[in-house]
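# A structural walkthrough
What follows is each chain in one-letter form.
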Amino acid sequence: ITDDQLKEKMKTAALTHLKSNLDALVAQGVITQAQADARYTAMQTRITEGKGHKGKMMFHRGFGF
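These numbers were taken from a predicted model, which means no experiment stands behind them. (Residues numbered from 1 in each chain as written. Predicted model: local features only at pLDDT ≥ 70, side-chain atom pairs only at ≥ 80, totals over all residues. Heavy atoms only, no water.)

The next subject is the overall build of the protein. Scanning the protein from N- to C-terminus turns up two helices and zero strands. Of all 65 residues assigned to the protein, the portion counted as buried reaches 8%. Only carbon and sulfur atoms are counted for the fraction: they give 58% of the accessible area of the protein, which is about 5,600 Å². (Helix = DSSP H or I, 4+ residues; strand = E, 2+ residues; numbered from the N terminus. Buried < 20%, exposed > 50% of the residue type's maximum accessible area, 1.4 Å probe, protein only. Areas by Shrake-Rupley, 256 points an atom, 1.4 Å probe, with all protein chains shown as cover.)

Put into structure tokens, the structure is as follows:
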């Protein structure tokens, strides 16, 4: 597997995970579908353009070092 293939698989996995989480929040009534769509689009742009944490390791609960 090449570096580019790995990066693509990681992007796909991240977006799939994000979509699943947003769908759950919509189903629970925590956010609206419009809010979920906006968040997904924003994150998709960040992930696709490679704008992330600039070397910081982020954890699921938002803590970073």
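On to a nonpolar patch on the surface, then. A cluster of nonpolar side chains, Ile1, Leu6 and Met10, forms an exposed patch at the surface whose accessible area comes to about 350 Å². Relative to the assigned elements, Leu6 resides in helix 1 (residues 3-27). Classification of Leu6 by relative accessible area gives partly exposed; the value is 42%. (Patch = residues over 30% accessible without salt bridge, like charges linked within 9 Å, V, L, I, M, F, W, Y side chains within 5 Å. Salt bridge = Lys/Arg side-chain N within 4 Å of Asp/Glu carboxyl O.)

The end-to-end C-alpha distance of helix 1 is 36 Å, a good match for the 36 Å that 25 residues give at a rise of 1.5 Å each. Following helix 1 by one or two positions, Gly29 adopts a phi angle in the positive range, close to 80 degrees. (Expected span 1.5 Å × (residues − 1).)

Attention shifts here to the pattern of salt bridges. Overall, the coordinates contain one salt bridge when judged by the stated rule. Here Lys19 makes a salt bridge to Asp23, at a shortest N to O gap of 3.2 Å. Here Asp23 and Lys19 lie together in helix 1, a separation of four residues that amounts to about one turn. A residue is classified by how much of its surface remains accessible, and Lys19, at 39% relative accessible area, is partly exposed.

Another aspect to go through is the confidence of the model for the protein. With 77% of its residues at a pLDDT of at least 70, the protein reaches an overall mean of 83. Predicted confidence is poor over residues 55-59, with pLDDT under 50, and the contacts of this stretch with residues over four places away or in other chains come to eight contacts. (pLDDT = per-residue confidence, 0-100. Contact = heavy atoms within 4.5 Å.)

Moving on, we get to helix 2 (residues 33-49). Since the α-helix packs 3.6 residues into each turn, any two residues three or four apart lie on the same face. Along its 17 residues, helix 2 runs 24 Å from first to last C-alpha, staying within 8% of the 24 Å computed at 1.5 Å per residue. Downstream of helix 2 by one or two residues, Gly50 has phi in the positive range, about 75 degrees.

Glancing now at the environment of Tyr40. In this fold, Tyr40 is placed in helix 2. Along the sequence, Tyr40 and Lys19 sit 21 residues apart, while their C-alpha atoms lie 6.9 Å from each other. What Tyr40 contacts, discounting residues up to four positions off in sequence, is Leu15, Leu18, Lys19 and Leu22.

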